[in-house]
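Breakdown of the fold
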Amino acid sequence: MTGLGGGVIVVPVLAIALGVDLRYAIGASLVSVIATSSGAAAAFVREGYSNMRVGMFLEIATSLGAIFGAFLATRVPTAGIAIVFGAVLLYSGYASLGQTPSDAADTEKPDRVAGWLKLDSSYPTGHGMQTYHVQRVPLGFALMAIAGALSGLLGIGSGALKVLAMDRGMRLPFKVSSTTSNFMIGVTAAASAGIYLSRGYIDPGLAMPVMLGVLAGSLLGARVLMRSRIRLLRLVFGAVIVLMAVEMIYNGVTGKL
Amino acid sequence: MEDRRLEIIVSHLLRVGVGASALLVMAGATVYLSQHGAAVADYHGFHGEPAAYRTLSGLLSLETLHHGQGLIQLGLVLLIFTPMARVALTLMAFLGKRDWIYAAVSALVLATLLYSFMSA
């Protein structure tokens, strides 16, 4: 619902609060990210919010980035991963505290590259289907490669950066960006999961409760969140994330992780 | 096939994939907890997983399936295969529609995912 909340929470909770080795934490997180994003994507795709063509085209960038990130993860010391993770957490906290952009009516002109790739589409709103034109495809593609690399390095979905790339970069409506991001996360995570699996990062005993718990929580959360005060939730959530970010960076610098 | 119909099939595929893997993981969890429920897990250091839990051939051996952990890991692999199956499905759909651009896009993504699994 907020566009994040999977891996970005799971990894620090496992690593800091429960003292799990960062590599096992990342492996368990990545698996649970596939479960929640695929589960949610099933609903969003059916309702017609996600733009499958945009998602599939950008998956080229995210999956290649994810493989690169996963290879990095096996080489970079865990202290370095912790510091990068802290920085990403800080940004996520900032993004969740910020305002949600409103869905402005479409005023953009069609873009040549987007037209060639047949990316323009429409999505359901309160007053019928609203068409939109996709802008600045190369910028979105480049940002997605970075999002993919972070996903592979940190075992997160990097939904916040994916939404940023589509919402601000490619000028997609916010609802389309967040649901399309969700659609892409499964493939992005699957691209690094193969490498994680072969390197022994995915432990069944640890991944089992994490995956089942996160999946159950996301099914429940979607219902609870529908009728709760989003503004307050975002505030609390943002504060918690910033605290974890500081802890993560501190542990990384002092070499405790 | 219309885009809309493809979306609905993709939606079904994702739901079934996640559901089936969750069931497999739960089945494995039941076996695992009945075998090791009393033991205290230790994840402080990183030791890597035994080969049986890192490779497809290891996971599909009968030996592994008798253990709860093997069943869980198989469920997790099924989960990782779910997005891959979705890409394979769209590849076939776009080939059928003679939409060569998106057939190529799907093929490229599928090749990347398969490359990742070559090591497993």
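Residues numbered from 1 in each chain as written. Chains lettered and ligands numbered in written order. Predicted model: local features only at pLDDT ≥ 70, side-chain atom pairs only at ≥ 80, totals over all residues.

**Details of the overall build of chain B**
Stated precisely, the cut-off is as follows: Elements are defined by DSSP. Helices are runs of H or I of four residues or more, strands are runs of E of two residues or more, and each kind is numbered from the N terminus. With C-beta atoms placed from the backbone, a residue is buried if 20 or more other C-beta atoms are within 10 Å of its own, exposed if 12 or fewer are, and partly exposed between those counts. What counts as a contact here is a pair of residues whose C-beta atoms, placed from the backbone, lie within 7 Å.
A tally of regular secondary structure across chain B gives 5 helices and 0 strands. N-terminal to C-terminal, the α/β element order of chain B is α-α-α-α-α. Counting only residues that meet the buried cut, chain B has 35% of its 120 residues in that class. Restricting the contact set of chain B to residue pairs at least 6 apart, pairs at least 24 apart contribute 63%.

**Re the pairing of strand β2 (residues 128-132) of chain A**
The two faces of a sheet get side chains in turn, since along a regular strand they alternate between them. All names here are of chain A. Put simply, the rule reads: In short, DSSP must find at least two bridges between two strands for them to pair.
Here strand β1 (residues 121-125) runs beside β2; their pairing, made up of 5 bridges, is antiparallel. Among the inter-strand pairings, S122 is bridged to a residue of β2, identified as T131. Hairpin geometry of β1 and β2 is characterised by an intervening segment of 2 residues between the two adjacent antiparallel strands.

**Overview of the interface of chain A and chain B**
Interface size, as often reported, equals the accessible area lost upon joining of the parts. For clarity, the threshold we go by: When residue character is reported, Ala, Val, Leu, Ile, Met, Phe, Trp, Tyr, Cys and Pro are called nonpolar, Asp, Glu, Lys and Arg charged, and the others, Gly included, polar.
Across the boundary between the two partners, chain A contributes 46 residues, which contact 48 residues of chain B. Mapped by element, the contributors of at least two residues to the side of chain A that touches chain B are α2 (22-47), α3 (52-73), α8 (174-198) and α9 (204-226) of chain A. Its residues placed into classes, the side of chain A that touches chain B shows 29 nonpolar, 10 polar and 7 charged.

**A word on the nonpolar core**
For clarity, the cut-off: We define a nonpolar core as a collection of buried residues of the types Ala, Val, Leu, Ile, Met, Phe, Trp, Tyr and Cys that are connected via C-beta atoms lying within 7 Å of each other.
Among the nonpolar cores identified, the biggest contains 112 residues, and A:V31, A:M211 and B:L76 are the most heavily contacted of them. The biggest single contributor to this core is α2(A), with 15 residues. The contact partners of B:L76, leaving out residues within four places of it in the chain, are A:V31, A:I202, A:P204, A:A207, A:M211, B:S21 and B:V25.

**Looking at the confidence of the model for chain B**
Residue and element names in this part refer to chain B. Here is the rule we go by: Confidence scores here are pLDDT values: one per residue, from the predictor, ranging 0 to 100.
Residues at a pLDDT of 70 or more form 82% of chain B, whose mean pLDDT is 84. Within chain B, the element-level pLDDT minimum falls on helix α3 (residues 62-65), averaging 60, and the maximum on helix α5 (residues 100-118), averaging 93. Predicted complex, confidence summary: ipTM 0.86, pTM 0.86.

**Observations concerning the packing of α3(A) against α5(B)**
To describe two helices that pack against each other, one gives the angle between their axes and the distance between the axes. To keep it simple, the criterion reads: Here an angle of 0 to 180 degrees is reported between the N-to-C directions of two axes, which are lines fitted to C-alpha atoms, with helices fitted over the stretch in contact. Throughout, the term roughly parallel applies to angles under 35 degrees, roughly antiparallel to angles over 145, roughly perpendicular to angles from 65 to 115, and oblique to all others. In this scheme the handedness of a crossing depends on how the near helix is turned from the far one: anticlockwise by less than a right angle means left-handed, clockwise means right-handed.
Interaxial distance between α3(A) and α5(B) falls to 9 Å at its minimum, and their mutual angle equals 25 degrees. By the angle between their axes, α3(A) is roughly parallel relative to α5(B). Relative to α5(B), the crossing made by α3(A) is left-handed. Contacts between α3(A) and α5(B) pair A:R53, A:M56, A:F57, A:E59, A:I60, A:S63, A:L64 and A:I67 from the former with B:Y102, B:V105, B:S106, B:L108, B:V109, B:T112, B:L113, B:Y115 and B:S116 from the latter. Its residues assigned to classes, the contact of α3(A) with α5(B) comprises 11 nonpolar, 4 polar and 2 charged.

**Re the environment of A:S177**
Residues and elements named next belong to chain A. You can see S177 is positioned in helix α8. In this structure, the C-alpha to C-alpha distance between S177 and K162, residues 15 residues apart in sequence, is 7.8 Å. Residue contacts for S177: discarding those within four places in its chain leaves V163, M166, D167 and L172.

**Quick notes on the packing of α2(A) against helix α1 (residues 3-36) of chain B**
Taken N-terminus to C-terminus, the directions of α2(A) and α1(B) make an angle of 150 degrees; their axes are 8 Å apart at the nearest point. If you check the angle between α2(A) and α1(B), you find them roughly antiparallel. Handedness of the crossing formed by α2(A) with α1(B): left-handed. Together, A:A35, A:S38, A:G39, A:A41, A:A42, A:V45 and A:R46 of α2(A) and B:E7, B:I8, B:V10, B:S11, B:L14, B:R15, B:G17 and B:V18 of α1(B) make up the contact between the two elements. For the contact of α2(A) with α1(B), the per-class residue count stands at 8 nonpolar, 4 polar and 3 charged.

**A look at the environment of B:V25**
Position of B:V25 relative to the elements: it lies in helix α1. Here the alpha-carbon distance between B:V25 and B:G70, two residues 45 residues apart in the chain, equals 9.5 Å. Leave out the neighbours within four places in its chain, and B:V25 touches A:M208, A:M211, A:L212, B:I72, B:G75 and B:L76.

**Thoughts on helix α1 (residues 7-17) of chain A**
Residue and element names in this part refer to chain A. In terms of burial, α1 is largely enclosed, as 9 of its 11 residues are buried. Looking only at α1, the buried set comprises G7, V8, I9, V10, V11, P12, L14, A15 and I16. Note on α1: the residue one or two positions beyond its end, G19, has a positive phi of about 70 degrees.

**Some words on unusual backbone geometry**
Residue and element names in this part refer to chain A. Not every positive phi belongs to a glycine, and K118 is a case in point at roughly 55 degrees. Along the chain, K118 falls in the loop between α5 (112-116) and β1. Note on K118: 15 C-beta atoms within 10 Å, which makes it partly exposed. A positive phi angle, near 60 degrees, is found at R171, a position not held by glycine.

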